[in-house]
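Summary of the model geometry
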2 protein chains.
Amino acid sequence: MIPSDQAYMARALELARKGLYSTHPNPRVGCVVVKDGMVIGEGWHVRAGEPHAEVHALRQAGENARGATAYVTLEPCSHFGRTPPCADALVKAGVARVVAAMQDPNPQVAGSGLRRIAEAGIAVESGMLEAEAREINVGFIKRMESGLPFVRVKLAMSLDGRTAMASGESQWITGPAARRAVQRLRARSSVVLSGADTVLLDNARLNVRPEELGLDAELTALAAQRQPLRVLVDGRLRVPLDAPFYQAGPALVASCAADERYAAAGHELLALPGADGHVDLRRLLLELAARGANEVLVEAGPRLAGAFARLGLVDEYRIFMAPKLLGSSARPLLDLPLERMAEARELKISDIRAVGDDWLITAHPVP
Amino acid sequence: MIPSDQAYMARALELARKGLYSTHPNPRVGCVVVKDGMVIGEGWHVRAGEPHAEVHALRQAGENARGATAYVTLEPCSHFGRTPPCADALVKAGVARVVAAMQDPNPQVAGSGLRRIAEAGIAVESGMLEAEAREINVGFIKRMESGLPFVRVKLAMSLDGRTAMASGESQWITGPAARRAVQRLRARSSVVLSGADTVLLDNARLNVRPEELGLDAELTALAAQRQPLRVLVDGRLRVPLDAPFYQAGPALVASCAADERYAAAGHELLALPGADGHVDLRRLLLELAARGANEVLVEAGPRLAGAFARLGLVDEYRIFMAPKLLGSSARPLLDLPLERMAEARELKISDIRAVGDDWLITAHPVP
């Protein structure tokens, strides 16, 4: 049986996923070059500033690429960035056909790479396994399309929807497998964002600990080379500079106030006062996207996570649910006071799976 | 390929499950008689007072049963009840081998039916697909082994663990598929138990509405012939006799007080005052088991369901989780005030499955 176009694209997607922990701020992209039913070149984008997936795959194929089909998970670029346009490289290599999973998500350039290739007389297709391809770059796509990053809110709760005891005690609701999964969520994110409550209460550092990722050696090494930007929302600058969070490395602090000591200690303080006396979270997200943030992981308590929810800024919930009851005095999942059933926030649960003894629920707000 | 012993027992279990809605207070039992690799008789127990599964299957097999193998999901009875002992019927029919999924759960008689058969020179085995067989009669087994019924607490909650708005508004958290599933849980139960809060707030009748079961015609007809006993826990007799609950048919009321008007209206009032000023729930369960209740479905608000949880009387939670957020002002899953993480109640989640747009979580307290 000859493998189908879909099978080659599925392989290209598999290659793209290898870049999950390293391509920021670039998208994850994979490429497979096929001739006479044989894979003659494979490549994936490893990190920004280094060659794109197509270049790796064409290099491997060499002269043999002439007349071949190239499968790419994202439309080849047509502009000069830190590397020359991949559309030109494909034309120059003499491939006969290019199959893309999706167009460039930037509305200003979508289609121009494929057009350039088609104008050179090469057969062009787009849209194969597009849903899978979009999933891999959900953050990059959101940023290109809207100027905002993809906001993923991670929560750990009991079966009765509680995140901590009334005292604030919360260690540990979930087990080691869930904590490893959270490490992987951090490692794939451009930004890990938290609030003063969490950082003060849990002495949280919010960094990636490569040995806890549970990944193979290659991916662990890639993840270890890049720490996501750690962002602290601390409107009244309650977290002291000697807290473990600040000691763990340079961070970005979003506040309502200004204070010169943060810059002196190697951190960046961003004054983003909102109308309500709190940090303007929407402006913060716009600022992070402007700096190339694709995926923002919010790891915060009910107050800050609830504020993101109330403002409609959440794209995805990843809720780790532990098989236990913390009881009715314990803290809520989100500070989200609603009066009537008609105000209930509708979600779509796309996935529930076991993670050790806990369960991971993936849910998206219904617009 | 010759079907295995397991395959025949699986068929017997399938037959047993047909009695899910009708055998109370008896167990659900199925039987398959096989000779020379052919099924020559099948039977299942339909309802109390009518023939047992073995009798149906042996009748179908007729003279042919001589030298056959009989697969039964529960050890054949050895005592005269409303029907003669099945052990004798199997001996008389001349079967060569009897395979049981499990022994009689009553410790006083366990093994005596199989012993009687073995003493007649028939080959005997027990324990095949035992876990599946126990699952079908979880209530009957609990009652036989402990004198208490199996208590299944049904709850409907949002993703953030809330069962109603602060005002009490709770219709509808879950969708029609979940409500059909609740109807089936009621129909299989010996008793449906609720509290005054729920009955007053929701005008609940707590009866089985056969047309809402979503079952085939045969099972719907069987379920329609038997309403579970409706039990109301109403310590201070707050629910008036003209409430829809009482109008829907005779009920059992457990209270701390006595009142002659209930009997006059066709209901039974049971005075079970507990030491804490509330109805003694444990005594109520003992009383229900004494009346033959195998499975008790608790459909109550956070207070009464929480009381069962606090007293350690819950065997299983069936939690319908809707993909929505009701927010932090809404009512808790259970009134269960705990102070420290060490007091958290551990559960084992055995199953999570989609039910329409909602999800059904099955969980059991870890002893």
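Computed from a predicted model, the values in this text were never measured in an experiment. The residue count restarts for each chain, going from 1 along the sequence in the order it is written. Working convention: letters from A go to chains and numbers from 1 go to ligands, in the order in which they are written. Only residues with pLDDT of at least 70 are given local features in this predicted model, and only at 80 or more are side-chain atom pairs given and counted; all residues enter the totals for whole chains, interfaces and linings. Values shown for side chains rest on all heavy atoms present in the structure; no hydrogens or waters enter the calculation.

Section: the overall build of chain A
Filter applied, for reference: Numbering of helices and strands runs from the N terminus, with a helix taken as a DSSP run of H or I at least four residues long and a strand as a DSSP run of E at least two residues long. The size measure is the radius of gyration over C-alpha atoms, and the globule rule it meets is 2.2 Å times the number of residues to the 0.38 power. When accessible area is computed with a 1.4 Å probe and restricted to protein chains, residues below 20% of their type maximum are described as buried, those above 50% as exposed, and intermediate ones as partly exposed. Whether two residues touch is decided by their heavy atoms; if any such pair falls within 4.5 Å, the residues are in contact. For accessible areas, the Shrake-Rupley method is used with a probe of radius 1.4 Å. Any residue's cover is judged against the shown protein chains and nothing else. Here the positive residues are Lys and Arg and the negative ones are Asp and Glu; neither His nor the chain ends is included. A charged residue contributes its charge at one atom only: NZ of Lys, CZ of Arg, CG of Asp or CD of Glu.
Helix and strand content of chain A: 13 helices and 17 strands. Here chain A has a C-alpha radius of gyration of 22 Å; the compact-globule value for 367 residues is 21 Å, and the two agree. Oriented by its inertia axes, the alpha-carbon framework of chain A measures out at about 65 × 45 × 45 Å. Within chain A, the proportion of its 367 residues that are buried is 56%. Taking as baseline every contact in chain A between residues at least 6 positions apart, the subset at least 24 positions apart corresponds to 68%. Of the roughly 15,400 Å² of accessible surface on chain A, 51% is carried by carbon and sulfur atoms. With 43 positive and 43 negative side-chain charges, chain A shows a separation of 2 Å between the mean positions of the two kinds.

Observations regarding the packing of aromatic side chains
Put simply, the rule reads: Centres within 6.5 Å make a pair out of two Phe, Tyr or Trp rings, where for Trp the six-membered ring is used; the pair is then stacked when the planes are under 30 degrees apart, edge-to-face when over 60, and tilted otherwise. The criterion is that NZ of a Lys, or CZ of an Arg, lies within 6 Å of the ring centre and within 35 degrees of the ring normal, and then a charge sits over that ring.
The tally for this structure, following the rule as stated, stands at 6 aromatic pairs over all chains. Judged by centre distance (5.6 Å) and plane angle (70 degrees), the ring pair of Tyr246(A) and Tyr262(A) falls under edge-to-face. Of this pair, Tyr246(A) sits in helix α10 (residues 244-247) while Tyr262(A) sits in helix α11 (residues 261-264), placing them 16 residues apart in sequence. Like Tyr262(A), Tyr246(A) is buried. When the ring of Tyr8(B) is compared with that of Tyr71(B), the centres are 5.2 Å apart and the planes differ by 35 degrees; the resulting orientation is tilted. With Tyr8(B) in helix α1 (residues 5-17) and Tyr71(B) in strand β3 (residues 69-72), the pair connects residues that are 63 residues apart, well separated along the chain. Three or more aromatic residues link up through ring pairs in this structure, and these residues are Phe245(A), Tyr246(A) and Tyr262(A). The ring of Trp172(B) has Arg179(B) sitting right over it, with the charged end atom 4.1 Å from the ring centre.

Considerations on the packing of helix α3 (residues 86-93) of chain A against helix α4 (residues 112-119) of chain A
Residues and elements named next belong to chain A. Heads up, the rule is: Each axis is a line fitted through C-alpha atoms, taken for helices only over the stretch in contact, and angles between the N-to-C directions span 0 to 180 degrees. We call two directions roughly parallel when the angle between them is under 35 degrees, roughly antiparallel when it is over 145, roughly perpendicular when it lies between 65 and 115, and oblique otherwise. Left-handed is the label given to a crossing in which the near helix is rotated counterclockwise from the far helix by less than a right angle, and right-handed is the label when the rotation is clockwise. Three classes are used: nonpolar for Ala, Val, Leu, Ile, Met, Phe, Trp, Tyr, Cys and Pro, charged for Asp, Glu, Lys and Arg, and polar for all others, with Gly counted as polar.
As a packed pair, α3 and α4 sit with axes 9 Å apart at the nearest point and diverge in direction by 20 degrees. Judged by the inter-axis angle, α3 sits roughly parallel to α4. When the axes of α3 and α4 are compared, the crossing they make is right-handed. On α4, the residues that touch Ala87, Asp88, Leu90 and Val91 of α3 are Gly113, Arg116 and Ile117. Here the residues of the contact of α3 with α4 are counted per class, giving 4 nonpolar, 1 polar and 2 charged.

Topic: the nonpolar core
Here is the rule we go by: Buried Ala, Val, Leu, Ile, Met, Phe, Trp, Tyr and Cys residues form a nonpolar core when they are joined through side-chain atoms within 4.5 Å.
In this structure, Leu193(A), Tyr317(A), Leu193(B) and Tyr317(B) are the most contacted members of the largest nonpolar core, which totals 102 residues. Beyond its immediate chain neighbours, meaning those up to four positions away, Tyr317(B) contacts Leu325(A), Val153(B), Leu155(B), Ala309(B), Leu334(B), Leu347(B), Ile361(B), Thr362(B), Ala363(B) and Pro365(B).

What to know about the confidence of the model for chain A
The criterion, for reference: For every residue, the predictor assigns a confidence score, pLDDT, that lies between 0 and 100.
Per-residue pLDDT for chain A averages 95, and the proportion of residues at 70 or more is 99%. ipTM for the predicted complex: 0.90, alongside a pTM of 0.92.

Description of the interface of chain A and chain B
Test applied: By buried area we mean how much accessible surface two parts lose on assembly, using a 1.4 Å probe and totalling the loss over both. In what follows, salt bridge is the name for a side-chain nitrogen of Lys or Arg lying within 4 Å of a carboxyl oxygen of Asp or Glu. Within 3.5 Å is the distance limit for a polar contact, defined as a pair of N or O atoms, with the added protein rule that one can donate a hydrogen and the other accept it, and that residues adjacent in sequence qualify only through two side-chain atoms.
In this complex, chain A contributes 39 residues to the contact, which on the side of chain B involves 39 residues. Around 3,500 Å² of area is buried between chain A and chain B when both sides are counted, 67% of it from carbon and sulfur atoms. For chain A, the biggest contributors to the area lost against chain B are Leu159(A), Leu325(A) and Met341(A); these three give 22% of the whole. At the junction of chain A with chain B, the criterion picks out 0 salt bridges. Linking chain A with chain B are 10 residue pairs in polar contact (both at pLDDT 80 or more), by the criterion used here. Elements supplying a minimum of two residues to the side of chain A that touches chain B: β13 (316-322), β14 (324-325), β16 (345-355) and β17 (358-365) of chain A.

As for the sheet that holds strand β10 (residues 252-255) of chain A
As a reminder of what qualifies: When DSSP locates at least two bridges between a pair of strands, those strands are taken to pair.
As summarised here, the arrangement of the 10 strands in space is β11(A)-β10(A)-β9(A)-β8(A)-β12(A)-β6(A)-β13(A)-β17(A)-β16(A)-β14(B), forming an open sheet in which the pairing is mixed. Among the strands making up the open sheet, the edge pair consists of β11 (268-271) of chain A together with β14 (324-325) of chain B. Sheet topology note: the β16(A)/β17(A) ladder contains 8 bridges and is antiparallel. Across the sheet, the residue bridging to Val355(A) is Asp358(A), located in β17(A). Sheet contacts for helix α12 (residues 281-290) of chain A: β6 (150-158), β8 (191-195), β9 (229-233), β10, β11 and β12 (295-298) of chain A; angle to β9(A), the most-contacted strand, approximately 165 degrees.

Side note on unusual backbone geometry
Most peptide bonds take the trans configuration, and most residues that are not glycine carry a negative phi. Residues and elements named next belong to chain A. Residue proline 25 follows histidine 24 across a cis peptide bond; omega there is 0 degrees. If you trace the backbone, proline 25 turns up in the loop between α1 (5-17) and β1 (30-35). Although it is not a glycine, aspartate 36 adopts a positive phi angle of roughly 50 degrees. You can call aspartate 36 exposed: its relative accessible area is 74%.

Side note on the sheet that holds strand β1 (residues 30-35) of chain B
All names here are of chain B. Ordered by their spatial adjacency, 5 strands build an open sheet running β2-β1-β3-β4-β5, and the pairing between neighbours is mixed. In this open sheet, the two edge strands, each paired with only one partner strand, are β2 (38-44) and β5 (123-126). Looking at each pair of strands side by side, their axes are set apart by 15 degrees on average, direction ignored. Bridge analysis of β3 against strand β4 (residues 97-100) gives 4 bridges, and the strand direction is parallel. Its bridge partner being in β4, alanine 70 is matched across the sheet by valine 98.

Regarding the pairing of strand β2 (residues 38-44) of chain A
All names here are of chain A. Pairing analysis gives 6 bridges linking β1 to β2, with the strands arranged antiparallel. Residue pairing in the sheet places valine 33 in a bridge with glycine 41 of β2. As consecutive antiparallel partners, β1 and β2 are separated by 2 residues, and within that stretch aspartate 36 has a phi angle of approximately 50 degrees, a positive value.

A word on the side chain of His267(A)
Note that His267(A) resides in the loop between α11 and β11. Look past the residues within four positions of His267(A) in its chain and what remains in contact with it is Leu241(A), Tyr246(A), Gly249(A), Pro250(A), Ala251(A) and Tyr262(A).

Details of helix α7 (residues 176-188) of chain B
The test is simple: Residue count minus one, scaled by 1.5 Å, sets the expected span of a helix.
For α7(B), spanning 13 residues, the distance from its first C-alpha to its last is 19 Å, which sits close to the expected 18 Å at 1.5 Å a residue. Within α7(B), the full set of buried residues consists of Ala177(B), Ala178(B), Ala181(B), Val182(B), Gln183(B), Leu185(B), Arg186(B), Ala187(B) and Arg188(B).

Some words on the relation of the copies chain A and chain B
Where we set the bar: The copies are overlaid by a least-squares fit using only the C-alpha atoms of residues whose pLDDT is at least 70 in both copies.
Overlaying chain A on chain B yields an RMSD of 0.0 Å, the required transformation being a rotation through 180 degrees with an accompanying axial translation of 0.0 Å. With respect to symmetry, the two chain copies, as superposed, fit the operation of a two-fold axis. Among all residues of chain A, the minimum C-alpha distance to the rotation axis is found for Gly161(A), at 2.2 Å. Most of the interface of chain A is mirrored in chain B, where 100% of its interface residues are also at the interface.

Regarding the pattern of salt bridges
Throughout the structure, instances matching the rule amount to 48 salt bridges over all chains. When the shortest N-O distance is used, the salt bridge between Glu295(A) and Arg28(A) registers 2.6 Å. Here Glu295(A), found in strand β12, pairs with Arg28(A), found in the loop between α1 and β1; they are 267 residues apart in sequence, far enough to count as distant. Assigned by exposure class, Glu295(A) and Arg28(A) land together as buried. Among the salt bridges present, the one from Asp259(B) reaches Arg261(B), with a minimum N-O distance of 2.7 Å. Several salt bridges share partner residues, and in doing so they unite Arg28(A), Arg152(A), Arg188(A), Glu295(A), Glu316(A) and Arg318(A) into one network.

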